[in-house]
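# Geometric and topological summary
Below, each chain spelled out in residue letters.
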Amino acid sequence: MSSPSDAEVVGRSLAEPEAFGLIYDRHAATLLRFLGRRAGARVAEGLVGELFRIAFERRQTFDRSRASALPWLYGIGTNLLLKHRRAEARRLRASARIIPSLEAPDRRASAAALDARLVFPRVADAIEALPDDEREVLLLFAWEELPYQSMAEALELPIGTVRSRLNRARARLRELLEPKGKDKVRSR
Amino acid sequence: MKPVDLAKKLRRDAAFEPAALDRGKAALMTAIRQEGERRRRPTIVPQVPYQNIGAAVEFLERAFGFRELRSSRLVGRDGVIHHANVEFGDGVIGIGTQGAHGAISPQSAGVASQYISISVADVDAHYQQAVAAGARIADEPHDESGSIRAYEALDLEGHRWRFLQGAREMPRYERRGRP
């Protein structure tokens, strides 16, 4: 016998609330990693608790024509992250410092490493400078590798809007990363 | 390199304690149970007075199979429990402090003025559990008319509980016409 879909489990949890624990078992690890990448381990652990409490309270609003609850949960998590923008910014800047040294451990020799140490802080700043709705789409796409349909479900947007936001984010990043881009960041 | 590829390289996983997920699960299940308990408010909730509520609840759970609705427990600053609710099947009973609302425990009054009937699935198994927990038996298990099997037990403070099997509908003697 195949296991019940998320939609079936959420449906069952309306009458038997404790069934909702299975939704946690299935998706909590994914969401904890998602929130951790964005806001760090400490913030993420608190947020994942909040996320599932909210999901449980709103479970009757879950669209049960969707088999998986994961995009819906990503959407709740994305909203929660908006309250933790400072933790996100700190983590992004820290990653910009750490990642290049992981990429090219031999600091003295590699010109590429030097280059990376200059480039990544600018990428981090550029991502930070994106409007919230564009940054959400970009990071769900680039870090979580969600398909368009899942992003649309998570953000409760038409697929076309998701695509155009992602394109705007790309264009803005390109602009912000060009040599002249720095001035534009300042003038914003 | 394309901007999105650069952004991808900034992806960095956080290091979690292994127990983080278990803590989250425990917190969620507690929240779920509490919500369930808040919604369980039957139309009628008998209130039963005791001198020692903590001991009473512990005994009712161990001997008779009640389950306390922990989210509704009232505890004073002195750490003494002033009120608790326990459930059994689809029923809820309040366990209150004697003296409050004019209600007195049989332990003080010397006499019980009421008893409570509870339907169970297996009255003999229930009896065994009650005896093992030290309940005083006031009436041994016996068959009654209407395919009812019942026994009666006293709790720590002398409240009388009647446990019966085979009678989910209203008792016959409630029918009109009987004296």
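Procedures and definitions
Residues numbered from 1 in each chain as written. Chains lettered and ligands numbered in written order. Predicted model: local features only at pLDDT ≥ 70, side-chain atom pairs only at ≥ 80, totals over all residues. Heavy atoms only, no water. Contact = heavy atoms within 4.5 Å. Buried area = accessible area lost by both parts, 1.4 Å probe. Salt bridge = Lys/Arg side-chain N within 4 Å of Asp/Glu carboxyl O. Polar contact = N/O pair within 3.5 Å; in protein donor to acceptor, adjacent residues only side chain to side chain. pLDDT = per-residue confidence, 0-100. Helix = DSSP H or I, 4+ residues; strand = E, 2+ residues; numbered from the N terminus. Buried < 20%, exposed > 50% of the residue type's maximum accessible area, 1.4 Å probe, protein only.

## Focus on the interface of chain B and chain A
You'll often see interface size given as the accessible area lost when the parts meet. Taken together, the contact between chain B and chain A spans 25 residues of the former and 43 residues of the latter. Summing both partners gives a buried area of about 3200 Å² for chain B against chain A, and 69% of it is carried by carbon and sulfur. Three residues stand out in chain B for area buried against chain A, namely Leu-10, Arg-12 and Phe-16 of chain B, and they jointly supply 24% of the buried area on that side. The tally of links between chain B and chain A comes to three salt bridges. Measuring nitrogen to oxygen at the nearest pair gives 2.7 Å for the salt bridge that ties Asp-13 of chain B to Arg-37 of chain A. At the junction of chain B and chain A, the tally comes to ten residue pairs in polar contact (both at pLDDT 80 or more).

## Things to note about the confidence of the model for chain B
Chain-level pLDDT for chain B is 88 on average; 92% of the residues reach the 70-or-more range. If you check the scores for this complex, the pTM reads 0.65 and the ipTM reads 0.83.

## Some points on the pattern of salt bridges
Considering all chains together, one arrives at 27 salt bridges over all chains under this definition. Across the pair Arg-38 of chain A and Glu-136 of chain A runs a salt bridge whose closest N-O atoms are separated by 2.9 Å. With Arg-38 of chain A in helix H2 (residues 21-39) and Glu-136 of chain A in helix H7 (residues 132-142), this residue pair connects regions lying 98 residues apart in the sequence. Its relative accessible area of 6% is what places Glu-136 of chain A among the buried residues. One salt bridge in this structure joins Asp-143 of chain B and Arg-149 of chain B, with 3.1 Å as the shortest N-O distance. With relative accessibility at 60%, the residue Asp-143 of chain B sits in the exposed group. One continuous salt-bridge network, built from bridges that share partners, spans Arg-38, Arg-85, Glu-88, Glu-128, Asp-132, Arg-135 and Glu-136 of chain A.

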